[in-house]
Amino acid sequence: MGIKYFVWIFLNGIIGCMESKAASSSNWKQLKKGIYDENLAPYRMEFYKSPKAIKKGVPLPLICPLDQTSCLMERLTQRKLAYKQANWLKGYTIQLYTGSSRTAALKAQELVATFAYPAKLHYRQPYYTVQLGFFGDRLEAYFVYLTLVKKIPSVMIRPSILPSEAYLATILHL
């Protein structure tokens, strides 16, 4: 008896042990066919379950600890100075139409003629683009967007940059 014999017995023992733990005889037949099946349910992570009854306390009044009304005029003057110093203003616009058809662009512009915000038609070869208004933040544009989606489903809010002189001209209606 040589070392080869003991190594052969040892390896067969390990393989036999692995077969008995890894797969039963019915699973071994499925493995030979190329079908793999394993129950992973014991290894799933359990999530926190909230208690069924939660005691509610006395509702507290909604008090905002940060009162900014006292410094509102100061902040507005700072913003006006910043607008005058900036060459470009970042904001949002609502895009009503973009495409190569001029008649469709004019039709989209006519649909929103009754809105308070002006709709502008831009042509940059080969596309016509109709944009509505200029909004300082996305939330302000979103309220107008909600009313427009009902009429024109392809409407979208997009970022826009406007020169500061043009911005002041739209505010002052010059």
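Note that the structure is a prediction, hence the values are computed from the model and not measured. (Residues numbered from 1 in each chain as written. Predicted model: local features only at pLDDT ≥ 70, side-chain atom pairs only at ≥ 80, totals over all residues. Heavy atoms only, no water.)

## Overview of a nonpolar patch on the surface
Note the threshold: Here a patch means residues that are over 30% exposed by relative accessible area and free of salt bridges, tied together within 9 Å if like-charged and within 5 Å if nonpolar (Val, Leu, Ile, Met, Phe, Trp, Tyr). To be clear on the numbers: accessible area is Shrake-Rupley with a 1.4 Å probe, and residue cover counts the displayed protein chains and nothing else. Salt bridge, as used here: a side-chain nitrogen of Lys or Arg that lies within 4 Å of a carboxyl oxygen of Asp or Glu. A run of H or I in DSSP counts as a helix once it spans at least four residues, and a run of E counts as a strand once it spans at least two, with each numbered from the N terminus. Relative accessibility under 20% of the residue-type maximum defines a buried residue, over 50% an exposed one, and the middle range a partly exposed one, all with a 1.4 Å probe and only protein chains included.
Nonpolar side chains collect at one region of the surface, where Ile3, Val7, Phe10, Leu11 and Ile14 lie side by side and expose about 490 Å² of accessible area between them. Residue position: Leu11 is located in helix H1 (residues 3-22). On the basis of relative accessible area, Leu11 is assigned to the partly exposed category, the value being 45%.

## What about unusual backbone geometry?
Residue Pro126 is reached from Gln125 by a cis peptide bond, and omega for that bond is 5 degrees. Examined against the element boundaries, Pro126 turns out to sit in the loop between strand E2 (119-124) and strand E3 (127-135).

## Quick word on the sheet that holds strand E4 (residues 156-163)
Put simply, the rule is: We treat two strands as partners when DSSP finds at least two bridges between them. Where helices are involved, their axes are fitted lines through C-alpha atoms of the stretch in contact, as for all axes, and angles between N-to-C directions lie from 0 to 180°. Any two residues whose heavy atoms approach within 4.5 Å are treated as being in contact.
Taken in spatial order, the four strands make up an open sheet running E2-E3-E1-E4, and their pairing is antiparallel. In the strand order of this sheet, the two ends are held by E2 and E4, each with one partner. Across the sheet, the axes of successive neighbouring strands diverge by a mean angle of 40 degrees, strand direction being ignored. Pairing of strand E1 (residues 88-99) with E3, which is carried by six bridges, proceeds in the antiparallel orientation. Looking at the pairing, Gln95 lines up with Gln131 of E3. Across the sheet, helix H5 (residues 138-151) is in contact with E1, E3 and E4; its angle to E1 comes to roughly 20 degrees.

Geometry only, nothing functional implied.
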